[in-house]
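Each chain is listed here by its residues.
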Amino acid sequence: MVRVAIIGGSGYTGLELIRLLVRHPGVDLTAVTSREYNGKPVSLAFPALAGVCHLTFSWPDPDRLAGAADLFFVALPHKTAMAVIPSLLEAGGKVVDLSADFRFRDRKVYEEWYQEHTAPELLAEAVYGLPELYREEIKRARLVGNPGCYPTSVILGLAPLLHAGLIESQGIIADCKSGASGAGRGVSLSTLYCEVNEGFRAYKIAEHRHTPEMEQELGRLAGLPLKITFTPHLVPMNRGILATLYTVLQGPLEEQEIAAVFEQFYRGAPFIRLCPPEILPNTAAVRGSNYCDLAWRLDQRTGRLIVVSAIDNLTRGASGQAVHNMNLMLGFPETQGLEVVPFLP
Ligand SMILES: NC(=O)C1=CN([C@@H]2O[C@H](COP(=O)(O)OP(=O)(O)OC[C@H]3O[C@@H](n4cnc5c(N)ncnc54)[C@H](OP(=O)(O)O)[C@@H]3O)[C@@H](O)[C@H]2O)C=CC1
Ligand SMILES: CC(=O)N[C@@H](CCC(=O)OP(=O)(O)O)C(=O)O
C-alpha cells in the first residue's frame, strides 16, 4: 500500500478526498491535518464519515509531516500551499497541490494575479494536472498543480476545437455557473445561506483569477497567445459547474465533423462523456463523479459553435482530478477509486 496524507483536510476538497481515498484499494490514508480540528476525530468535522474514516486530525509542522507519506495532497488555500510543499518534496514525497500555487508556468503571471511566489524554482518542473492534456508528463511528475475548477470545465470543452484549429482563438466567451461549495468551507458573508439561496448572480467580471489559467492552457492548444472573456456566476446549489462556451467557427462545418474532432481528441479518456444528440450536460448528471459531460450545438445563423460542459467542482474540478493524477503518478489504473456512479437523482 502507498501511504498518502492530506494537508488541509478539514475543508470541502479535503472531505471529498477522504471520501474517495478511504475506498481506494491501492492507498493507505495515514494523516489528515487541520489547525482548527487538531487532535479531534475526522468524523467530528464531517459526521458523514462516522464509521468510514477513523483518523484523528493532526497539525504537525511541515518538517515533521515530511516523510509521513509517499504522496501528499495539499488542499490549503493559495499562497499557503507553496510554503509547505518544498519540504515535502525534499523529504522524497510526491505532491498533488489543489491550490493555484503551481499551476502557472510563468512566475510573472502568477505574481500579477496572486502574490509574490516563494518557491519559484519549482514552477518549471510542476506539471499542470489535466490528465487529458498531460497524461504522460503527470506519470513522471513529482509535483502536480491540480487545475482550478472553472478552468477544468472550460479547457475540456474547448481543447479539441482549438487543437484542431476549428474555431477563432480570439473572442471566446466562457459563461460559467458554480455551486457554492466552490468557495470552500470557510465562513464568509457571500456564501451564507440567505445570500446564495433563491438568487443567481455574476461576480468578478473581467477580473477572476482563473482567467490567466485558462489563457495559459488554451493558448498552448491554439499555438498562440489568446485572451478569453470569462464570467463566473454563483447559483443556489451545493455542487457543480455548468460552462457555456461561445466560439466562432473558422469556416463552414458540418455537425459530423465537429463530432469526429471531439471523439478523436478524447479517445481513451475514461472520464469524458460526449452526450448523445438528444442530451445537453446537466450538473445533476455528474454529481459526485469524476466525469466531464460535453455537448455542442452549431448556430448556423450566427456561425457560432456553442459548447456546454458540466462537472462536479469538488470531484472533477478538484479532488477526483487529484486522485486521477495520483493514480497516474503512482502507476495505478487510471480510474482506480474513481468508479463512482453520480449521485442520483
Ligand atoms: N472548493 C472547490 O470547489 C475547489 C477548491 N480548490 C482549491 O483547493 C484548496 C482547498 O479548497 P477548499 O477545500 O474548498 O477550502 P476550505 O476553505 O474548505 O479548506 C481549506 C483547508 O485549509 C486549512 N487552512 C485554511 N487556512 C490555512 C492556513 N492559513 N494555514 C494552514 N491551513 C489552513 C483549513 O483548515 P484549518 O483552518 O482547520 O487549518 C482547511 O482544512 C484551495 O486552494 C482551493 O482554492 C480547487 C478547486 C475547486
Ligand atoms: C463559487 C466560488 O466562489 N468559486 C471560487 C473558485 C473555485 C476555487 O476553489 O478556485 P481554485 O479552483 O483556483 O482553487 C471562486 O470564484 O473563487
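The name given to the protein in an unreviewed UniProt entry is N-acetyl-gamma-glutamyl-phosphate reductase, and the organism recorded there is Desulfobacca acetoxidans. Recorded under Function (unreviewed entry), the UniProt text for the protein is reproduced unchanged: "Catalyzes the NADPH-dependent reduction of N-acetyl-5-glutamyl phosphate to yield N-acetyl-L-glutamate 5-semialdehyde." As recorded by UniProt, the Subcellular location (unreviewed entry) comment attached to the protein reads in full: "Cytoplasm".

A. Expanded view of the overall build of the protein. When you go through the protein residue by residue, the secondary structure sums to 11 helices and 13 strands. Taking 345 residues into account, the globule formula puts the C-alpha radius of gyration at 20 Å, and the protein, at 20 Å, falls close to it. Its C-alpha atoms put the protein at 60 × 45 × 35 Å along the principal axes. With 345 residues in all, the protein has 46% of them scored as buried.

B. Summary view of the site of ligand 1. Lining the immediate surroundings of ligand 1 are 29 residues, of which Gly8, Gly11, Glu36, Gly184 and Arg185 lie closest. Counting residues per element, the ones that place at least two in the shell around ligand 1 are α1 (12–21) and α11 (315–330). Of the residues forming the shell around ligand 1, the biggest block, three residues, is contributed by α1. Partitioned by chemical class, the residues of the shell around ligand 1 number nine nonpolar, 17 polar and three charged.

C. Looking closely at the UniProt feature "active site" (unreviewed entry) in the protein. Under the UniProt annotation, the feature "active site" (unreviewed entry) is placed at Cys149. Positionally, Cys149 belongs in helix α7 (residues 149–164). Not counting the four nearest positions on each side in its chain, Cys149 is found in contact with Ser178, Gly182, Ile241, Asn313, Gly317 and Ala318.

D. Local environment of the sheet that holds strand β3 (residues 71–74). The sheet built from six strands is open, its strands ordered β2-β1-β3-β4-β6-β5 with parallel pairing. On the outer flanks of this sheet lie β2 (27–32) and β5 (127–128), each paired with one strand and no other. Here five bridges tie strand β1 (residues 2–7) to β2, and the two strands are oriented parallel to one another. Directly across from Ile6, in β2, lies its bridge partner Val32.

Here is what the cut-offs are and how they apply
- Residues numbered from 1 in each chain as written.
- Chains lettered and ligands numbered in written order.
- Predicted model: local features only at pLDDT ≥ 70, side-chain atom pairs only at ≥ 80, totals over all residues.
- UniProt positions renumbered as here; feature names shortened; annotations may be inferred.
- Helix = DSSP H or I, 4+ residues; strand = E, 2+ residues; numbered from the N terminus.
- Rg over C-alpha atoms; globule rule 2.2 N^0.38 Å.
- Buried ≥ 20, exposed ≤ 12 C-beta atoms within 10 Å, placed from the backbone.
- Near = placed C-beta within 6 Å.
- Nonpolar A, V, L, I, M, F, W, Y, C, P; charged D, E, K, R; others polar.
- Contact = placed C-beta atoms within 7 Å.
- Pairing = 2+ DSSP bridges.

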